[in-house]
Amino acid sequence: MTIDIRRAAVLSVRRIIDQSGYASLVISQTLDSFGPQADDRDRRFYTNLVYTTVSHRETIDGYIAASSKVSLKKMDSFVRNVLRVGVCQLLYFDEVRPYAAVNESVRLVRSSRLKNLAPFTNAVLRSVQRTIEGQDQAKSKGQASPDIDLPGWVLEGLVRDYGEKTAQKIKEGFSGPHPLCLRINRLKGPAAGTMQAIRQWADGKADIIPGSAIPEAVFLIRRTGGESLGNIEEFDAYRQGMVTVQDESSMIAASLVEAGPNDKVLDLCAAPGGKSLMMADRMDDRGLIVSRDIHPGRVRLIRENAARMGASIIRAEVSDATRPRPEDKAAFDKVLLDAPCSGLGIVRSKPDILLHRRKEDLEQLETLQSEMLETAAQAVRTGGRLVYSTCTLRKKENQDQVAAFLSRHPEFTLIDLEKEMTENGSRLSDAVYDRCLTMLPVAKGREGFFAAAMIRTR
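Read on for an overview of the structure.

**Here we look at the packing of aromatic side chains**
Alright, step 1. Counting across every chain of the model gives five aromatic pairs.
Alright, step 2. Between F34 and Y46 the ring centres are 5.3 Å apart and the planes differ by 75 degrees, which places this aromatic pair in the edge-to-face class. Residue F34 is located in helix α2 (residues 23-34), and its partner Y46 is located in helix α3 (residues 40-55); the two are separated by twelve residues in the primary sequence.
Alright, step 3. When the ring centre of F332 is taken as reference, the NZ or CZ atom of K264 above it lies at 5.1 Å.
Alright, step 4. Just above the ring of Y162 sits the side chain of K395; from NZ or CZ to the centre is 5.2 Å.

Dropping the structure here:
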């Protein structure tokens, strides 16, 4: 049985854009359904086609709207997404000849129940092709990493918070290739042995780049035209718990907790457990980490990951982080709150965030973060440390949230992270410091992240 890769891409794009599906889940499920019939090249083409279409939906829809007398809203969903995937190939895939992009799209419509719309599909795509060919080719094709489409309110917010120059740098970081970042788990043996396993797995397929601030971090960047690394779950070192998938930004946030052996640590909103696992490693698996999440299924995931990684000190619990627990009062040496947020620091790896997130959602998120900070604060003992982190770049969810918390809680003092990280040799040259730490998304490197650390003085 031959798999129709373009049809699979169209159906996936429809699920993500029109039906609010999550890109990572949709793509993973579709790749699993391919089975052995699809080779590595087909899998890579499918994945790139879906991610690129979703990342550049606004640009793609603009070309379609300019070439069609029928509005996108009035088009049949299948045809609309055939056009999106077709235009994506015309704009961003140099390896696909224009006639193939058009003809294959028309074939998909002709073989469906909407075959009468095949001439319409052909006419729209031919019009888009002529428009592209009439433009400056440097702008419309041949870019290794075309700029991601950001909704106006997102871009305006970045400019307001960081200025135009840094906002453009952030956008370029979003548009870069998304590397695979692994964390070496020292609980399962010396790092040297694990690095040897990584080199063998990546041999000829990816370049290996060490993390810039975390010695356990390893970036794998697939070589242009090379084979994919394949499913991480098939990598022996992953199955054995020697490595896990975690972005370096997330590792940095966890490292700022400064969890050490015999500490008692609370990790709120902990699923899937990456930060808890890293802290267990840094604690030499001695002490206690209470890892909580509101979703039972995600708590099971924490337990499964802890078992795979050999972290015995993690106690995973179902709990609502907006509701303080009396037994937690001043009970922990260290508390980490990686709060639910708008996610506008990780759109490179999760471009569908820009589809799901709405400007009107933000105020509710800010209220939720404030409530969770209250829960986190009451659990910190005097002299203890509280770290607040998010994977967004919005100052209202980050610096402003921390400032409001400190105004309510004079018993907490903000730590100067620039000074602290400089002293321990982990200062980031491409980050924004204002006593807090904003990690900007870096091409071929970290995602965007924010962290603030505070000490309870009384």
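**Topic: the sheet that holds strand β2 (residues 206-210)**
Alright, step 1. Ordered by their spatial adjacency, four strands build an open sheet running β2-β3-β1-β4, and the pairing between neighbours is antiparallel. Single-partner strands in this sheet number two, and they are β2 and β4 (243-245). Looking at each pair of strands side by side, their axes are set apart by 30 degrees on average, direction ignored.
Alright, step 2. By the bridge criterion, five bridges tie β2 to strand β3 (residues 217-222) in an arrangement that is antiparallel. Within the sheet, the bridge partner assigned to I208 lies in β3 and is L220.
Alright, step 3. Each of β1 (180-184), β2, β3 and β4 is contacted by helix α10 (residues 191-202), which is oriented at about 155 degrees to β1, the strand it contacts most.

**Regarding empty space enclosed by the protein**
Rolled over the atoms, a probe sized like a water molecule indicates the empty space that remains.
Alright, step 1. On inspection of all chains with the given rule, the structure shows one cavity of 30 Å³ or more.
Alright, step 2. Roughly 80 Å³ of internal volume is contained in the largest cavity.
Alright, step 3. Together, V54, S55, R57, E58, D149, P151, P351, L354 and L355 line the largest cavity.
Alright, step 4. Of all elements in the fold, only α3, α4 (57-67) and α15 (353-356) reach the threshold of two or more residues within the lining of the largest cavity.

Cut-off values and rules
- Residues numbered from 1 in each chain as written.
- Predicted model: local features only at pLDDT ≥ 70, side-chain atom pairs only at ≥ 80, totals over all residues.
- Heavy atoms only, no water.
- Phe/Tyr/Trp six-rings, centres within 6.5 Å; stacked < 30°, edge-to-face > 60°.
- Helix = DSSP H or I, 4+ residues; strand = E, 2+ residues; numbered from the N terminus.
- Lys NZ or Arg CZ within 6 Å of the ring centre and 35° of its normal.
- Pairing = 2+ DSSP bridges.
- Axes fitted to C-alpha atoms, helices over the stretch in contact; angles between N-to-C directions.
- Contact = heavy atoms within 4.5 Å.
- 1 Å grid on protein atoms, 1.4 Å probe; cavity = no way out; pocket = protein on both sides within 12 Å on 5 of 7 lines; lining within 4 Å.
- Points joined across faces, edges and corners; volume = space filled by probe spheres on them.

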